[in-house]
Amino acid sequence: MSVAHAAADVRRIAVGPVRRLFVGQLLKELGAGMTLALLVIYLHEVRGLPIPVASTLLAWQAVLALVCSPLAGSLVDRFGPRPVLMVGALASAVGLAGYAVVTTTTQAFVAMSLVAVAGAALWGPIAALTARLVEPDDRSTAFGFAFMLTNLGLGLGGLIGALIVDVHRPGTFQVLYLLTALAYVLLFLAVLSMGRVGGPPPAEDPAGDEPVAEGSWAEVLRDRRLLRYTLAGLLLLTFGYGSLDAGLGIYIRDTLALPAGVIGVLFAVNTLVIVLGQLYVLARLEGRARSRVLALTGALWAITWLLFALAAGLPTPLLAVLACLAAMAVFALGETLWAPVAPALVNDLAPEHLRGRYNSVQSVLWGVAGTLGPLASGALQGRDLGVLWALVLAAGCVAGALIALRLGHFLTPGEDGLTGPQPVDPDPAPSVP
């Protein structure tokens with residue numbers, strides 16, 4: 001399939017409620033990009049909170065969001081993704097607006113707690129609503145395009161934030177957080193305008209008159225296919241995304257001794273590759289086994305960390321920077337593979353009455369990876385073992401890739417993204433009843 005064909009698929013999908021959801025996501029990420037990575041700086045340098053206090057509050061926010069994600073999944077299965085998403089968007093707006101006026105630790109704790117709880121009601125419901133609105137064959141395209149919009153929004157928002165923010169003018173931070181809150185209000189309005197889609201799942205099977213059983217977490221945990229995906233995803237996200245966000249900056253500064261400005265350039269390259277390359281990748285994913293695509297993602301992320309490790313042994317800073325740029329481009333290519341395939345696979349595994357819970361598992365994976373990544377970075381880079389840290393991450397990505405590759409033996413051809421007659425494992429895991 002050509003890029004033009006992939007673009008045509010996007011235009012075909014992005015109509016009506018789907019277009020409104022895409023617009024809402026873009027606006028939300030545009031707002032989030034304005035304040036990305038600024039919270040600790042704001043709380044410490046503008047509001048005067050000690051760095052350990054600000055960092056502890058940030059960790060509390062991450063843990064609370066992780067704990068609340070399964071609850072959000074249960075609410076989606078009971079009330080539908082649209083109402084949960086609308087409540088989450090409004091609550092996020094209130095919490096983010098609260099950041100603009102906090103002056104004490106207690107106030108920051110309240111605002112961050114509200115943002116954490118509300119944030120748990122965003123990603124999973126958006127994924128579940130997307131899966132509801134598009135046909136199964138179009139899910140990879142929809143999720144991939146949404147990921148491209150996410151990066152475009154974050155990149156543009158970051159540029160806007162950089163132009164506005166000034167640590168010597170507290171009002172600039174307040175403006176940014178109020179603009180971010182407005183972006184979430186716009187997400188709410190976009191979802192509100194979608195009509196009556198995204199409500200509770202039907203009480204009866206559309207193919208007959210049988211009532212749909214009440215969903216439960218026990219059903220989710222009995223799905224061996226999901227559990228195998230969860231293990232692969234946890235490894236890939238922990239040794240990939242979670243470690244990139246948590247430890248790359250320290251590695252660039254301490255191990256490679258490169259200027260801090262290099263970090264911003266690397267993430268700009270990451271965004272550029274994703275925005276320019278996502279449609280190209282989508283054009284080449286049709287008919288590819290999802291398990292193999294996930295394995296390829298792990299292989300690319302392993303190459304990323306090997307390139308970062310190699311950079312430490314190069315003779316000049318220029319060569320080290322070039323190696324880092326190549327590494328970041330490879331990582332971004334892996335992201336363009338992960339983004340359309342992982343959520344589409346989860347939603348193809350999910351029965352309709354459990355879709356919220358299945359998508360919340362993905363949210364939990366991100367939360368756990370975001371917690372384990374910093375721990376690994378601190379344990380190794382805190383002892384000046386930066387190169388070993390990069391090599392360990394490469395090994396973890398390889399392990400995730402091997403488990404993802406094995407996952408294909410437990411999926412039906414349709415779940416694995418294949419069409420036509422394909423060989424199936426003689427003893428596949430049964431579907432969740």
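Keep in mind it's a predicted model, so treat the numbers as computed, not measured. (Residues numbered from 1 in each chain as written. Predicted model: local features only at pLDDT ≥ 70, side-chain atom pairs only at ≥ 80, totals over all residues. Heavy atoms only, no water.)

## Remarks on the environment of I41
Among the secondary structure elements, I41 is positioned in helix α3 (residues 39–46). Judged by relative accessible area, I41 falls into the partly exposed class, the value being 32%. With 132 residues separating them along the chain, I41 and F173 place their C-alpha atoms 10.0 Å apart. Every residue in contact with I41, bar those within four places of it in the chain, is listed here: V46, V167 and F173. (Helix = DSSP H or I, 4+ residues; strand = E, 2+ residues; numbered from the N terminus. Buried < 20%, exposed > 50% of the residue type's maximum accessible area, 1.4 Å probe, protein only. Contact = heavy atoms within 4.5 Å.)

## Focus: the side chain of R290
Examined against the element boundaries, R290 turns out to sit in helix α13 (residues 290–311). The residues contacting R290, other than those within four sequence positions of it, are P136, S140, V341, A344, L345, D348, G414, E415, D416 and G417.

## What to know about the layout of surface pockets
Counted as a void, the second largest pocket has a volume near 450 Å³. Within the residue set of the lining of the second largest pocket, elements represented by two or more residues are α1 (3–13), α8 (139–164), α13 and α14 (317–349). Classifying every residue of the lining of the second largest pocket gives seven nonpolar, seven polar and eight charged. (1 Å grid on protein atoms, 1.4 Å probe; cavity = no way out; pocket = protein on both sides within 12 Å on 5 of 7 lines; lining within 4 Å. Points joined across faces, edges and corners; volume = space filled by probe spheres on them. Nonpolar A, V, L, I, M, F, W, Y, C, P; charged D, E, K, R; others polar.)

## Re the pattern of salt bridges
Evaluation of the coordinates by the stated rule reveals 10 salt bridges. For the salt bridge of D223 with R225, the shortest nitrogen-to-oxygen distance reads 2.6 Å. Here D223 matches R225 in class, with each residue buried. A salt bridge links R290 to D348, with the shortest nitrogen-to-oxygen separation between them at 2.7 Å. Taken together, the residues R290 in helix α13 and D348 in helix α14 connect sequence positions 58 residues apart. Its relative accessible area of 7% is what places R290 among the buried residues. Several salt bridges share partner residues, and in doing so they unite D9, R12 and D138 into one network. (Salt bridge = Lys/Arg side-chain N within 4 Å of Asp/Glu carboxyl O.)

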